[in-house]
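Chain by chain, the residues run as shown.
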Amino acid sequence: MTTLAPQVGRQRSRRRPTSRTLAPYLFVFPNMLIFAVFTIWPAINGLNLSFYDSSNGRTFRPVGTENYTSILSDAEFWAVVRHTAAFTIGFVALSTAVATALALMLHAQRRGRGALSAAYFLPVLISPVVVGIVWRAALDRQTGLVNQVLSAVGLGQPGWLVEPSLAIVAIILVGTWIHLGFYAMILLSGLQSIDTSLYEAAKIDGSTPWQSIRLITLPLLRPTMMVVIILATIAGFQAFDFIYTLTGGGPVRATTLMVQYIYENGFSYPIAYGLASAAAVILFVVVFVVTFVNYVIGRRSEAI
Amino acid sequence: MRTRTTISAAGAALAALTFTAACAPGSSSSTSDSSSPKTIDVKSFKGKTLTYVYFTDGPDEQATRTAISKFESETGAKVNLQILPFADINTSLQARLSAGNAPEAARVADWHLFKDEAVDFKQYFGKDYASQFTPGAASTVQDGSGHMYAVPSDITINGPMINVDAFKKAGVAVPTKWTWDELVADAKKVAAANNMKYAVAIDKSGNRLSTVLSQYGTSMIGPGNKNVLDKAKATKALTFFTDLVKSDVAPKDFWLGSGSKYTGANEIFLAKQVPVYLSGPWQVGAFAKNAKFTWAAVPNPCAERCGGFPGGKYMTAFKNSKQPELGAAFVEWMNRSQNQAEIDKTAFWLPTRADLTKSGIQYPSRNSDMSVFVSQISETPTDTWAGEASPAFTNAAKALIAETDKVVAGQQDVKTAVDNLSNAVDKAIKGAS
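About the thresholds
Residues numbered from 1 in each chain as written. Chains lettered and ligands numbered in written order. Predicted model: local features only at pLDDT ≥ 70, side-chain atom pairs only at ≥ 80, totals over all residues. Heavy atoms only, no water. UniProt positions renumbered as here; feature names shortened; annotations may be inferred. Helix = DSSP H or I, 4+ residues; strand = E, 2+ residues; numbered from the N terminus. Rg over C-alpha atoms; globule rule 2.2 N^0.38 Å. Buried < 20%, exposed > 50% of the residue type's maximum accessible area, 1.4 Å probe, protein only. Contact = heavy atoms within 4.5 Å. Lys, Arg positive; Asp, Glu negative; His and termini not counted. Charge placed at Lys NZ, Arg CZ, Asp CG, Glu CD. Salt bridge = Lys/Arg side-chain N within 4 Å of Asp/Glu carboxyl O. Phe/Tyr/Trp six-rings, centres within 6.5 Å; stacked < 30°, edge-to-face > 60°. Lys NZ or Arg CZ within 6 Å of the ring centre and 35° of its normal. pLDDT = per-residue confidence, 0-100. Pairing = 2+ DSSP bridges. Domains from an automatic or database assignment. Buried area = accessible area lost by both parts, 1.4 Å probe. Polar contact = N/O pair within 3.5 Å; in protein donor to acceptor, adjacent residues only side chain to side chain. Nonpolar A, V, L, I, M, F, W, Y, C, P; charged D, E, K, R; others polar.

Where an unreviewed UniProt entry is consulted, chain B appears under the name Alpha-1,4-digalacturonate transport system substrate-binding protein, with the organism given as Pedococcus badiiscoriae.

Where an unreviewed UniProt entry is consulted, chain A appears under the name ABC-type sugar transport system permease subunit, with the organism given as Pedococcus badiiscoriae. In its Subcellular location (unreviewed entry) section, the UniProt record describing chain A reads: "Cell membrane".

Structure follows, in structure tokens:
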């Protein structure tokens, strides 16, 4: 027969000294301070600025919601919204599909996985501005490497950067190239967390490799894929730097996306910080809603 | 052997523009013999530092550095020269000014953007300071109240340059006067004979495209900051130009591939891909150094009118900088007679000072090319100067490029483009007033 030990010790441990209670908060305080100063405060300031007008960047006149109504009645804004939506949808779809295929390939790779992973990850480390400049040379219709290869196999010399419909394709391809390694690494870690005994059981039951991917891998990878889709969606809406150096927003404004619209409003003459801030708030709302919808859809599909 | 380029022709032409200068209240017809500051002792700047934000067209960088060294040794002040790409200068300066981080001085192509922040040079150097410059140049740096918010550091005039070797090989005479139709016919012949990709190249710039508008008889903005766009003439000009680009006689990829940013076609000319290139005298120094073929500046083509389109570069100083007085003194010093002359010689700039315009500048080479550009000043219609001097010009020029882009890409016809342009010019004028 066993007897229960007295609970005296446990009761005593519930009363921690104040220094131990405060310690976790002190550890996170510097980080929270930096976050508040460099993220929260500028965001609040930006929201506030969206209700003001400034023609010189220093004197501000309250205008209520005039900036918002002005933007929403601007035909160029809606053209920019269409371009941003087209880019984001293309970029998210292509990035997720290719990164998934790449992750599956790397996962199946026994030798050289590390070296290959590093190679695919490399574009993530290059400055997007440099990426834009390099791809600008590579996609030149007359002298670019891409068209030299296409021309050699009889596919002509498409005007990647000079035909509006192709320019949007070009920025989707380059955007995908930049982010591919990052998304593939996330998906690879998701693949590695899948229990291998499931594949062994499936193999014993006579499953083909494609059936294993379709019935085991993809369903179990879905939560990781949702993370990638959400990250890619945010990156798509925020794309700017490599596009600005690759196409300058052209041809004929076909690749001018939301962030460039904000940038141009904020820094062109006459300066319109209020208008730019209002556009940034609209972008934030759109990104938030789309991300939230993605999240809800992801949760539902997980539940199923 | 060095020859002497006399700029008296320019002086005469600019003197003819006195009506423009007369429109600028505060400018004076009297001249001041003193070119030194009236209220500033430059010796008091010893040990102080000023930041000079600058963009370069090439050889002017060394000329500027040399002048800065001289300024530093004369005053004991230090100059922190910060060089930015031309396309980024306005954005970068606006960001710095908004952030309360104004440089002491800057070189700009449009000072109107910064007039709220700029010092009034007349406050430092007297109400007659503007009269040290030619009436035309002086008129471009004063606002309606006669404040002088910038100093004209060099005057420019658009004009073509040709690949003389290519012309000779094709058996086409170097032109001394030609129409646009003759230019295109000659250029096509030369391009074909030399296996060049294009016949004519023009910078993607609203200022350069304004040259074509002017030659076809119209401008966007006239005296009194008024919309003077003649739609019929603008339609003719844009039809002619966009047909050139659409047919790849002028490089279509270059035009469409540059996005919304200013882009020079100088590399295409230097790569011998085009025999005729419309730009301006600021290219002379760079071409003298880098062109691997014989080239020459030639007169502008004529349509309804001849001549080019004026422009200029300005130096301004900022009143909210750490050393506004030093900034103003630096700008004044750089544009004193001897100093501006030294820079002009190396940079192949056309002077803005009345005395230098009268005496002429002796360039170390390419005098005949500089003379051609000078001759184009007198050929240029006087109404174009009001457009260049207008605070609305930058945005009107942007609209001209944007509307032309859509025509070239097949998204709209020329008539729609001209209608849109006229509305955009109205909007630009309203925004700038």
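Q: Explain the overall build of chain A to me, and be specific about the residues and the numbers.
A: The helix and strand tally for chain A stands at 13 helices and 2 strands. Rg of the C-alpha trace for chain A: 26 Å, well past the compact-globule value of 19 Å for 304 residues, more than 25% over. Along the first, second and third principal axes, the C-alpha set of chain A runs to 85 × 60 × 35 Å. When each of the 304 residues of chain A is scored for burial, the buried share is 38%. For chain A, the proportion of contacts with a sequence separation of at least 24, taken over those separated by at least 6, is 64%. When the 20 positive and 12 negative side-chain charges of chain A are each reduced to one mean point, those points stand 17 Å apart.

Q: An account of the pattern of salt bridges is requested, with residue identities and associated values reported.
A: Residues and elements named next belong to chain B. Inspection of the entire model under this criterion finds 23 salt bridges over all chains. Here arginine 107 and aspartate 57 are joined by a salt bridge, their closest N and O atoms 3.5 Å apart. With arginine 107 in strand β3 (residues 105-108) and aspartate 57 in the loop between β1 (49-54) and α3 (60-75), this residue pair connects regions lying 50 residues apart in the sequence. Residue glutamate 304 pairs with lysine 233 through a salt bridge whose shortest N-O separation is 3.0 Å. Pair noted here: glutamate 304 is in the loop between β10 (295-297) and β11 (310-317) and lysine 233 is in helix α10 (residues 231-246), with a separation of 71 residues, a long-range link. Each of Asp57, Asp60, Arg107, Asp154 and Lys313 takes part in salt bridges that share partners, so that together they form one network.

Q: Explain the packing of aromatic side chains to me, using residue names and the numbers behind them.
A: Tallied over the entire structure, the rule returns 32 aromatic pairs over all chains. Ring geometry for phenylalanine 87 of chain A against phenylalanine 91 of chain A: centres 5.5 Å apart, planes inclined by 5°, an arrangement best described as stacked. Taken together, the residues phenylalanine 87 of chain A and phenylalanine 91 of chain A, both in helix α4 (residues 75-108) and 4 residues apart, mark about one turn of the helix. By relative accessible area, phenylalanine 87 of chain A is classed as buried at 1%. Relative to tryptophan 333 of chain B, the ring of phenylalanine 71 of chain B has its centre 5.3 Å away and its plane inclined at 65°; by these criteria the two rings are edge-to-face. Here tryptophan 333 of chain B lies in helix α14 (residues 324-334) and phenylalanine 71 of chain B lies in helix α3, a separation of 262 residues in the sequence. The exposure classification of phenylalanine 71 of chain B matches that of tryptophan 333 of chain B, with both residues buried. One cation-aromatic arrangement involves arginine 366 of chain B over tryptophan 295 of chain B; the distance from NZ or CZ to the ring centre is 3.7 Å.

Q: Now, about the confidence of the model for chain A: what can you tell me, with residues and values included?
A: Overall, the predicted model of chain A reaches an average pLDDT of 89, with 92% of residues at or above 70. Counting contacts from residues 1-6 of chain A, a segment whose pLDDT is below 50, to residues more than four positions away or on other chains yields 0 contacts.

Q: For the pairing of strand β5 (residues 159-163) of chain B, give the residues involved together with the corresponding values.
A: Residues and elements named next belong to chain B. The element β5 is extensively covered by neighbouring structure, given that 5 of its 5 residues are classed as buried. The pairing of β5 with β10 spans 3 bridges and is antiparallel. Across the sheet, methionine 161 pairs through a bridge with alanine 297, a residue of β10.

Q: Give a detailed account of the UniProt feature "transmembrane region" (unreviewed entry) in chain A, specifying residues and quantitative values.
A: Residues and elements named next belong to chain A. Residues annotated in UniProt with the feature "transmembrane region" (unreviewed entry) correspond here to residues 21-44, 85-106, 118-138, 166-188, 224-247 and 267-297. End C-alpha atoms of residues 21-44 are separated by 31 Å, and the span's content is 100% helix alongside 0% strand. Across residues 166-188, helical content stands at 100% and strand content at 0%; the span's end C-alpha atoms are separated by 31 Å.

Q: Residue-level account of the domain arrangement of chain B, with values.
A: All names here are of chain B. Partitioning chain B into domains gives domain 1 (42-156 + 312-371) and domain 2 (157-310 + 381-432). Taken together, the contact between domain 1 and domain 2 spans 18 residues of the former and 20 residues of the latter. Both faces combined, the contact of domain 1 with domain 2 buries some 1,700 Å², and carbon together with sulfur accounts for 65% of it. When residues of domain 1 are sorted by the area they lose upon contact with domain 2, His112, Thr156 and Arg366 head the list and together hold 31% of the total. At the boundary of domain 1 with domain 2, the tally comes to 0 salt bridges. Counting every contact that joins domain 1 to domain 2 gives 5 residue pairs in polar contact (both at pLDDT 80 or more). The leading source of residues in the side of domain 1 that touches domain 2 is β11, at 3 residues. Residues that form the side of domain 1 that touches domain 2 fall into these classes: 8 nonpolar, 5 polar and 5 charged.

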